[in-house]
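# Examining the three-dimensional arrangement
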Amino acid sequence: MRDILTSEPFILSLTIACYYVGTLVNNWAKKPYTNPLLISLILIIPILLILDIDYEAYSKGSHIISFMLGPAVVALGYTLHKQIDYIRDNVRSILISVAVGSIVGVVSVLLICSLFGSPKEIMVSMEPKSVTTPIAIGLSERSGGIPSLTAIVVVICGILGSVVGPWFLDTIKVKSQVARGLAMGAAAHGIGTSRAIQMGQVEGAVAGMAIGLMGVLTAVVIPIIESFVFE
């Protein structure tokens, strides 16, 4: 029985079923806080606890879904290609914005963790919170962090950004499509980008590009900042 519960077919079926329920709830309620991924987490976590399936077993069984994150991000290049002329006119502002967002994202985590007296292992695990999961896990491992914690933080960050992001941008009256897309992609990676696509084609294209730029720049920024903080 244990082998069945930790098998790849069972875990994949469980994950897909929970996400499907999440989409049904979202389509019915049509509220920001009924994000399908959030509903999935609310359903999956208790089920894993009841069935006594640990994270390592779940991660191994659902590795195909994690693997597909890469091609999914690459597929966003099509949307980017359709808006290339619009984006070309805003290259400088896009690069500066993502660079600043990368630095602020890492530094803010270190400051908050330092304020609460968190150990280095926790700090480096949370540094890549705004980077898409495959890159974030790689950066965490390289810095001596806890990959499973990093994955959780990234997902939570993405969900919060997807739920709160559009409302916050409306509240502070950000009208620029480029700015809105950058904010969603840079702060909430893939989950935020999926929400940005719903906001508009330009927002979705810019958010997709922000994912890649954020990953590259964060990979460069983290070692530099760590050399000063943990010297």
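Residues numbered from 1 in each chain as written. Predicted model: local features only at pLDDT ≥ 70, side-chain atom pairs only at ≥ 80, totals over all residues. Heavy atoms only, no water.

The helix and strand inventory of the protein chain stands at 12 helices and 0 strands. Overall, the protein chain shows an N-to-C arrangement of helices and strands of α-α-α-α-α-α-α-α-α-α-α-α. Its C-alpha radius of gyration of 18 Å places the protein chain within 12% of the 17 Å reference for a compact globule of 231 residues. Viewed in the frame of its principal axes, the protein chain has a C-alpha envelope of about 60 × 50 × 30 Å. Relative to all contacts within the protein chain whose residues are 6 or more apart in sequence, the contacts with residues 24 or more apart total 65%. Counting every atom, the protein chain has about 12,700 Å² of accessible surface; 70% of that belongs to carbon and sulfur. Each charge sign in the protein chain was given a centre, from 14 positive and 14 negative side chains, and these centres are 13 Å apart. (Helix = DSSP H or I, 4+ residues; strand = E, 2+ residues; numbered from the N terminus. Rg over C-alpha atoms; globule rule 2.2 N^0.38 Å. Contact = heavy atoms within 4.5 Å. Areas by Shrake-Rupley, 256 points an atom, 1.4 Å probe, with all protein chains shown as cover. Lys, Arg positive; Asp, Glu negative; His and termini not counted. Charge placed at Lys NZ, Arg CZ, Asp CG, Glu CD.)

Quick look at a nonpolar patch on the surface now. A cluster of nonpolar side chains, contributed by Ile152, Ile156, Leu160, Val164, Trp167, Phe168 and Ile172, occupies part of the molecular surface with about 690 Å² of accessible area. By secondary structure assignment, the location of Trp167 is in helix α10 (residues 147–171). On the basis of relative accessibility, which here comes to 55%, the residue Trp167 falls in the exposed class. (Patch = residues over 30% accessible without salt bridge, like charges linked within 9 Å, V, L, I, M, F, W, Y side chains within 5 Å. Salt bridge = Lys/Arg side-chain N within 4 Å of Asp/Glu carboxyl O. Buried < 20%, exposed > 50% of the residue type's maximum accessible area, 1.4 Å probe, protein only.)

Summing up the model confidence of the protein chain, the mean pLDDT is 86 and the portion of residues at 70 or higher is 97%. Looking across the protein chain, the model is least confident in helix α5 (residues 63–82), with a mean pLDDT of 74, and most confident in helix α8 (residues 120–126), with 91. (pLDDT = per-residue confidence, 0-100.)

What follows covers helix α12 (residues 201–229). Since one α-helical turn is 3.6 residues long, residues separated by three or four positions face the same way. For α12, spanning 29 residues, the distance from its first C-alpha to its last is 40 Å, which sits close to the expected 42 Å at 1.5 Å a residue. For α12, the principal kink sits at Thr218 and spans about 25°. (Expected span 1.5 Å × (residues − 1). Bend = angle between axes of the 7 residues up to and from the residue.)

Okay, the nonpolar core next. Counting residues in each nonpolar core, the largest one holds 12 residues, listed as Ile87, Ile94, Val98, Val178, Leu182, Ala186, Val202, Ala205, Val206, Met209, Ala210 and Met214. Those elements that provide at least two residues to this core are α7 (91–115), α11 (177–199) and α12. The biggest single contributor to this core is α12, with 6 residues. Beyond its immediate sequence surroundings of up to four residues, Ala205 is in contact with Thr79, Leu80, Gln83 and Ile87. (Core = buried A, V, L, I, M, F, W, Y, C linked by side-chain atoms within 4.5 Å.)

So, on to the packing of α11 against α12. The geometry of α11 relative to α12 is characterised by a closest axis approach of 6 Å and an angle of 75° between their N-to-C directions. On the basis of the axis angle, α11 is roughly perpendicular to α12. Considering only residue class, the contact of α11 with α12 consists of 12 nonpolar, 8 polar and 2 charged. (Axes fitted to C-alpha atoms, helices over the stretch in contact; angles between N-to-C directions. Parallel < 35°, antiparallel > 145°, perpendicular 65-115°, else oblique. Nonpolar A, V, L, I, M, F, W, Y, C, P; charged D, E, K, R; others polar.)

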